[in-house]
Structure formats: C-alpha cells, structure tokens
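If you want the building blocks of each chain, they are given just below.
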Amino acid sequence: MTRNSTDPTDRHWTGMVPVDDTALAVTDTGGPGTPVIYLNGQFATQGYWRRVIAELGTERRHITYDERARGRKSKRSADYSFEAAVRDVDAVLAARGVDRALLVGWSYGAFVAAHWAGRNPDRTVGTVLVDGAFPHDWLDEAMEQRIRKQFRQWGRLLPLLRPTGLTPRMNAEQMADSNIEIGVISRERELGPVLDGITGPVRYVVASGASLGSRGDEQERIRRSLDAVTARNPNIRISAKVAGNHGAILRKDFRAVAGAVREVTALGRG
C-alpha cells in the first residue's frame, strides 16, 4: 500500500491499495468518527459521493475508492466479477485498518453493500442502499441481448472518454458481462435470501422514474419489489422516496442519502 501519511486514522490519506492482480485508488478522510465506506455505481467513480460527504461533514470518517479499471488511477484486472467487487471491500478496509464500518452503496454498489453486510454482520454498523439491491427477475434472454447491443453501440465512444476517467478501462463486452451478472444476482431467489438474512439496520433511499437504458416503467416495477423485503425483515426500512432519478440521486438528493446515514449511525450505536 502506498501512502502519504503514517497514521491510518487521524489524517487525510490518498493512495493505492493492492488487491489480487490490481490496485485501487483510495481516499480516506481520517478522523475518530464512525468509518463510512462508499461503494460506487457500476462504472462510476468516488467523486460521485462528494455532496453526500460534504453534507455529513467531519463527524464521520469517509472512505471512498474507485473499483477495478474505474476512475483515473485504479488499475485494470483480469477479474471484474461481482465476487471480486465484494473482496475489494475487505481489501480496502484492511488496508485502512478498519474493522467495523457503515456501508453506503449506490446502484451496483448497493448490491455489493448488501452482500458484504450479510456476510459480515459483526463488522457492519449498518447499511444504506441507494436505489439498488431490489430483488426482481428483470433479466431474460431478450434483455441480455438488449444489454449486449447497447454496450456495443456505446463501445465506439468509450476510448474517447477514458482519459477523463468518466468511463472504465473495460471493453464493451466486459461491461455488458458485468451488467448481465448483476441481473442474475438481482433475481428474487438470489438476492431475497441475502436481504432476509441481514441482521443490522438497513435503510433504502429510493429514486423515481427511469434510469439509463431502462424503458417505460421498468425501473418503478423493479423498485416495488422492495415492499415484500420490508415486510419480511424488520431491520430493513425505506428512509426516503425522492424525486430524483437513478442517475441524478447523489447530485440532487444527497441530503436524503446523508439523512439515511445519520439514521443508520444512530441505530448502529444503539
């Protein structure tokens, strides 16, 4: 692990954390407050969280990072699987000397947060899931073909945007495979038991309307699957249903996300 300070807890730190065959760009604000680790959308970067972090202020220790091949600095890998993303949470927390943390995940990161919390109940203060981790069977053969076609079309633009850090250093096929894999993980029979087994406090912040690539009311139908989840597990509640859509929620509704973090922090302490 490369670093720019010698104390992992009291100072702002940025550096690279090695894991498997790659290395991840990590930022840690330091400080004595509850550690909060932020898990990005599928191809997003840690910068998306800046408004949430600013709203929460310095009372918490904020840890962000760019997943494999995302952002400007995180390195490429031979493994972009969901399980690799879950392992990366362990690697970042271990590198920063954090044993117990509050997880905040948006979109793809919400699935990662839910799985990590379910597997590590004693290490989880609580979990905030931002418009993701809805158990719904949305992936079928037609949807898989639609996803592959969409990423092939976008693939022409990816090389132009990569130097900015706005798109991952993955090819169109790798990105499509990742998107399809999350469709499998989203299935009720797969994700439902994970959510049912979480024993710590979980709060959802739910967006409205469509998301990139969705059609009609597809996204709202997916979100309605949450009703059965909250009915089965009393630890899981909806903190807010906001007006912003999936892509804009961290920009427009950051106060709602911060509010859910405060709520879960209080419950986790209790």
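Residues numbered from 1 in each chain as written. Predicted model: local features only at pLDDT ≥ 70, side-chain atom pairs only at ≥ 80, totals over all residues. Heavy atoms only, no water.

### Section: the side chain of Arg-70
Step number 1: Relative to the assigned elements, Arg-70 resides in the loop between β4 (61–65) and α2 (82–95).
Step number 2: As a buried residue without a salt bridge, Arg-70 has its nearest oppositely charged side chain in Glu-67, at a separation of 4.8 Å.
Step number 3: Engagement of the side chain of Arg-70 in a polar contact is seen with the backbone oxygen of Gln-42, the distance being 2.8 Å.
Step number 4: Apart from residues lying up to four places away in sequence, Arg-70 is in contact with Gln-42, Phe-43, Ala-44, Tyr-80, Pro-168, Arg-169 and Met-170. (Helix = DSSP H or I, 4+ residues; strand = E, 2+ residues; numbered from the N terminus. Buried < 20%, exposed > 50% of the residue type's maximum accessible area, 1.4 Å probe, protein only. Lys, Arg positive; Asp, Glu negative; His and termini not counted. Salt bridge = Lys/Arg side-chain N within 4 Å of Asp/Glu carboxyl O. Polar contact = N/O pair within 3.5 Å; in protein donor to acceptor, adjacent residues only side chain to side chain. Contact = heavy atoms within 4.5 Å.)

### Some points on the environment of Ala-85
Step number 1: Within the fold, Ala-85 resides in helix α2.
Step number 2: Expressed as a C-alpha distance, the spacing of Ala-85 and Gly-109, which sit 24 residues apart in the sequence, is 8.8 Å.
Step number 3: Here Ala-85 is in contact with Tyr-65, Glu-67, Tyr-108 and Val-112, once residues within four sequence places are set aside.

### Things to note about the confidence of the model for the protein chain
Step number 1: The predicted model of the protein chain averages 92 in pLDDT, with 91% of residues at 70 or higher.
Step number 2: Predicted confidence is poor over residues 2–6, with pLDDT under 50, and the contacts of this stretch with residues over four places away or in other chains come to 10 contacts. (pLDDT = per-residue confidence, 0-100.)

### A look at the pattern of salt bridges
Step number 1: Per the counting criterion, the structure on display carries 21 salt bridges.
Step number 2: Between Asp-20 and Arg-87 there is a salt bridge, with its nearest N and O atoms 2.9 Å apart. On the criterion of sequence distance, the pair formed by Asp-20 in the loop between β1 (13–19) and β2 (22–28) and Arg-87 in helix α2 is long-range, its members being 67 residues apart.
Step number 3: Residue Arg-87 is classed as partly exposed on the basis of its relative accessible area of 34%.

### With respect to a positive patch on the surface
Step number 1: A cluster of like positive charges, contributed by Arg-50, Arg-51, Arg-251 and Lys-252, occupies part of the molecular surface.
Step number 2: Mapped by element, the contributors of at least two residues to the positive patch are α1 (50–56) and α10 (249–252).
Step number 3: Within the secondary structure layout, Arg-251 lies in helix α10.
Step number 4: Among the residues examined, Arg-251 registers a relative accessible area of 43% and is labelled partly exposed. (Patch = residues over 30% accessible without salt bridge, like charges linked within 9 Å, V, L, I, M, F, W, Y side chains within 5 Å. Areas by Shrake-Rupley, 256 points an atom, 1.4 Å probe, with all protein chains shown as cover. Charge placed at Lys NZ, Arg CZ, Asp CG, Glu CD.)

### Observations regarding the pairing of β2
Regular strands place side chains that alternate from one sheet face to the opposite one.
Step number 1: With 7 of 7 residues buried, β2 is to be regarded as a mostly interior element.
Step number 2: Along β2, one buried face is formed by Thr-22, Leu-24, Val-26 and Asp-28 and the opposite face, lined by Ala-23, Ala-25 and Thr-27, is buried too.
Step number 3: Across 7 bridges, β1 lies against β2 in antiparallel orientation. When the bridges of β2 are listed, Met-16 appears paired with Ala-25.
Step number 4: Where β1 folds back on β2, the antiparallel hairpin that results is connected by 2 residues, among which Asp-20 adopts a positive phi of roughly 50°.
Step number 5: Note that β2 and β4 share 3 bridges and pair antiparallel. The residue of β4 that forms the bridge with Asp-28 is Ile-63. (Pairing = 2+ DSSP bridges.)

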